[in-house]
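Structural characterization, general
As a plain string of letters, each chain reads:
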There are 2 protein chains.
Amino acid sequence: MTLKAFEHLAKGETLSLDEVLANLKTDKDGLIAAIAQQYDTKEVLMLAYMNEVSIRETLETGQVCYWSRSRQTYWRKGESSGNRQRFISMAFDCDGDAILLQVDQTGPACHTNRRDCFFFGVEDNKVVIQSAPMTDA
Amino acid sequence: MTLKAFEHLAKGETLSLDEVLANLKTDKDGLIAAIAQQYDTKEVLMLAYMNEVSIRETLETGQVCYWSRSRQTYWRKGESSGNRQRFISMAFDCDGDAILLQVDQTGPACHTNRRDCFFFGVEDNKVVIQSAPMTDA
């Protein structure tokens with residue numbers, strides 16, 4: 001599926017959420033890539049995956065829920081660590097195979113306790129560790 | 001593969017680029033998800049895919065090169081449209097299955113001529129078209 005049929009709609013036109021969800025271009029496991037961006041600072045925190053159920057749960061509960069590909073289960077971000085992602089808003093991309101989430105992340109987003117997951121920074125022919133785990137204040 | 005073995009390195013420690021590239025957690029087609037973020041405004045422009053060759057080309061040429069899954073070929077962003085993505089920097093995430101690119105996007109990033117691809121915004125039970133195609137000045 002794809003959202004291609006809708007890409008020529010004008011700004012402000014609306015579709016039903018059900019119609020859009022039914023036309024997402026998910027992978028063979030029903031998943032779509034989801035980028036989490038801190039809504040105020042605009043830092044990109046992480047990339048994870050969602051399915052239709054986790055998208056709907058996120059919208060209903062106001063807390064971001066992913067699908068964990070490694071654990072093959074729903075992943076309610078921060079449920080065990082307390083490092084929750086409060087849901088602010090979401091948008092799908094032109095071809096319906098990615099989601100951009102605006103979130104409010106409590107503490108570290110990364111399982112390494114770093115604020116974000118993108119800490120392997122390329123510099124010339126090297127990769128430099130760009131950040132340290134967060135420490136409690 | 002995964003970058004898990006390296007996640008406990010301290011800030012400032014370095015790895016060789018070759019070692020990191022050899023340990024990326026690519027999909028069965030050798031691809032990894034790549035987020036493009038406008039380096040100064042921090043807007044998330046698009047999500048696409050790269051393979052090792054396109055990562056190396058991007059680093060060498062300073063222009064972002066993706067792998068197009070739909071066309072099954074290298075996709076030198078803006079080669080035909082002129083809407084280039086100048087490469088600023090890149091970082092890999094903790095488990096080595098995503099790249100965050102900082103770019104300088106000329107004009108629209110989206111094939112619909114919108115600045116970014118994330119224009120299907122969820123509002124309550126609806127999806128609202130959030131932006132219009134860019135027009136030439």
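The written sequence of each chain sets the order in which its residues are numbered from 1. Throughout, the order in which chains and ligands are written sets their labels, letters from A for the former and numbers from 1 for the latter. It should be noted that, the model being predicted, local features are given only for residues of pLDDT at least 70 and side-chain atom pairs only at 80 or more, the latter also being counted only at that level, while totals for whole chains, interfaces and linings use all residues. Just so you know, side-chain values use all the structure's heavy atoms and leave hydrogens and water out.

On to the nonpolar core. As used here, the term nonpolar core means buried Ala, Val, Leu, Ile, Met, Phe, Trp, Tyr and Cys residues forming a set that is joined through side-chain atoms within 4.5 Å. Accessibility here uses a 1.4 Å probe with only protein chains present; expressed as a share of the type maximum, an area under 20% marks a residue as buried, one over 50% as exposed, and anything in between as partly exposed. Among the nonpolar cores identified, the biggest contains 64 residues, and Phe-92 and Leu-101 of chain A together with Phe-92 and Leu-101 of chain B are the most heavily contacted of them. Phe-118 of chain A together with Leu-31, Tyr-49 and Trp-67 of chain B belong to the second-largest nonpolar core, a separate cluster that totals 22 residues.

It is worth spelling out the relation of the copies chain B and chain A at this point. Related by rotation about an axis and a shift along that axis, the two copies of the chain form a pair. Placing chain B over chain A gives an RMSD of 0.0 Å and needs a rotation angle of 180°, together with 0.0 Å of translation along the axis. Classification of the inter-copy transformation places it as that of a two-fold axis. Considering only C-alpha atoms, the part of chain B nearest the rotation axis is Lys-42 of chain B, at 2.9 Å. A contact between two residues is defined here by any heavy atoms of the two lying within 4.5 Å. In this assembly the copies share their binding face: 100% of the residues contributing to the interface of chain B also contribute to that of chain A. Superposition of the copies was done by least squares, using only C-alpha atoms of residues whose pLDDT is at least 70 in both.

Helix and strand definitions follow DSSP, with helices as H or I runs of at least four residues and strands as E runs of at least two, each counted in order from the N terminus. Tracing the backbone shows Thr-112 of chain A in the loop between strand E7 (98-105) and strand E8 (120-123). Side-chain atoms alone can form a polar contact between residues adjacent in sequence; in general such a contact is a pair of N or O atoms within 3.5 Å, and within protein one must be able to donate a hydrogen while the other accepts it. Engagement of the side chain of Thr-112 of chain A in a polar contact is seen with the side chain of Arg-114 of chain A, the distance being 3.1 Å.

This part takes up the UniProt feature "binding site: Zn(2+)" (unreviewed entry) in chain A. UniProt positions are given in the numbering used here, feature names are shortened, and annotations may be inferred rather than shown by experiment. When the UniProt feature table is mapped onto this chain numbering, "binding site: Zn(2+)" (unreviewed entry) sits at Cys-94, Cys-110 and Cys-117 of chain A. Sequence-wise these annotated residues cover 24 residues; spatially they are dispersed, their C-alpha atoms as much as 27.7 Å apart. Beyond its immediate chain neighbours, meaning those up to four positions away, Cys-94 of chain A contacts Leu-3, Lys-4 and Glu-7 of chain A together with Cys-110, His-111, Cys-117, Phe-119 and Phe-120 of chain B. Looking at Cys-110 of chain A, the relative accessible area reads 4%, which means it is buried. Non-local contacts of Cys-110 of chain A, meaning those with residues more than four positions away in its chain, are made with Arg-115, Asp-116, Cys-117 and Phe-119 of chain A together with Cys-94 of chain B.

The sheet built from seven strands is open, its strands ordered E1(A)-E9(B)-E8(B)-E6(A)-E7(A)-E2(A)-E3(A) with mixed pairing. Both outer strands of the open sheet, strand E1 (14-16) and strand E3 (44-50) of chain A, are each paired with one neighbouring strand and no more. With strand direction ignored, the average angle separating the axes of adjacent strands in the sheet is 35°. Relative to strand E9 (residues 126-129) of chain B, strand E8 (residues 120-123) of chain B is paired through four bridges, and the arrangement is antiparallel. Residue pairing for E9 of chain B: Phe-120 of chain B is matched across the bridge by Ile-129 of chain B. To define axes, lines are fitted to C-alpha atoms, for helices over the stretch in contact only, and angles between the resulting N-to-C directions are given on a 0 to 180 degree scale. This element, helix H2 (residues 52-61) of chain A, spans strand E2 (32-38), E3, strand E6 (85-92) and E7 of chain A together with E8 of chain B of the sheet and lies at about 125° to E6 of chain A. When DSSP locates at least two bridges between a pair of strands, those strands are taken to pair.

Moving on to the interface of chain B and chain A. Accessible area lost on assembly of the parts is the figure often given for the size of an interface. At the junction of the two partners, chain B supplies 51 residues and chain A supplies 51 residues. The term buried area denotes the loss of accessible surface (1.4 Å probe radius) that occurs when two parts are joined, taken as the sum for both partners. For the pair chain B and chain A, the summed buried area comes to about 4,200 Å², and 67% of that belongs to carbon and sulfur atoms. Put simply, a salt bridge is a Lys or Arg side-chain nitrogen that is within 4 Å of an Asp or Glu carboxyl oxygen. Summed over the shared surface of chain B and chain A, the result is two salt bridges. Residues Asp-97 of chain B and Arg-69 of chain A are paired through a salt bridge, measuring 2.8 Å at the closest nitrogen-oxygen approach. On the surface where chain B and chain A come into contact, there are 28 residue pairs in polar contact (both at pLDDT 80 or more). Within the residue set of the side of chain B that touches chain A, elements represented by two or more residues are strand E1 (14-16), helix H1 (17-22), strand E2 (32-38), strand E3 (44-50), strand E6 (85-92), strand E7 (98-105), E8 and E9 of chain B. Element by element, the count of residues in the side of chain B that touches chain A is highest for E9 of chain B, at four residues.

Right, let's get into the pattern of salt bridges. Residues and elements named next belong to chain A. Taken as a whole and assessed by the stated rule, the structure comprises 18 salt bridges over all chains. The closest approach of N and O atoms between Asp-18 and Arg-56, which form a salt bridge, is 2.9 Å. Placement of Asp-18 in helix H1 (residues 17-22) and of Arg-56 in helix H2 is noted, with a sequence separation of 38 residues between them. Sharing partners across several salt bridges, the network here consists of Asp-18, Glu-52 and Arg-56.

It is worth spelling out the environment of Arg-114 of chain A at this point. If you trace the backbone, Arg-114 of chain A turns up in the loop between E7 and E8. In sequence terms Arg-114 of chain A and Thr-135 of chain A are 21 residues apart; their C-alpha atoms lie 9.0 Å from each other. Apart from the residues lying within four places of it in its own chain, the contact partners of Arg-114 of chain A are Pro-108, Ala-109, Phe-119, Ile-129, Ser-131, Ala-132, Pro-133 and Met-134 of chain A together with Glu-7 and Leu-9 of chain B. Polar contacts involving the side chain of Arg-114 of chain A include one to the main-chain carbonyl oxygen of Ser-131 of chain A, which spans 2.9 Å.

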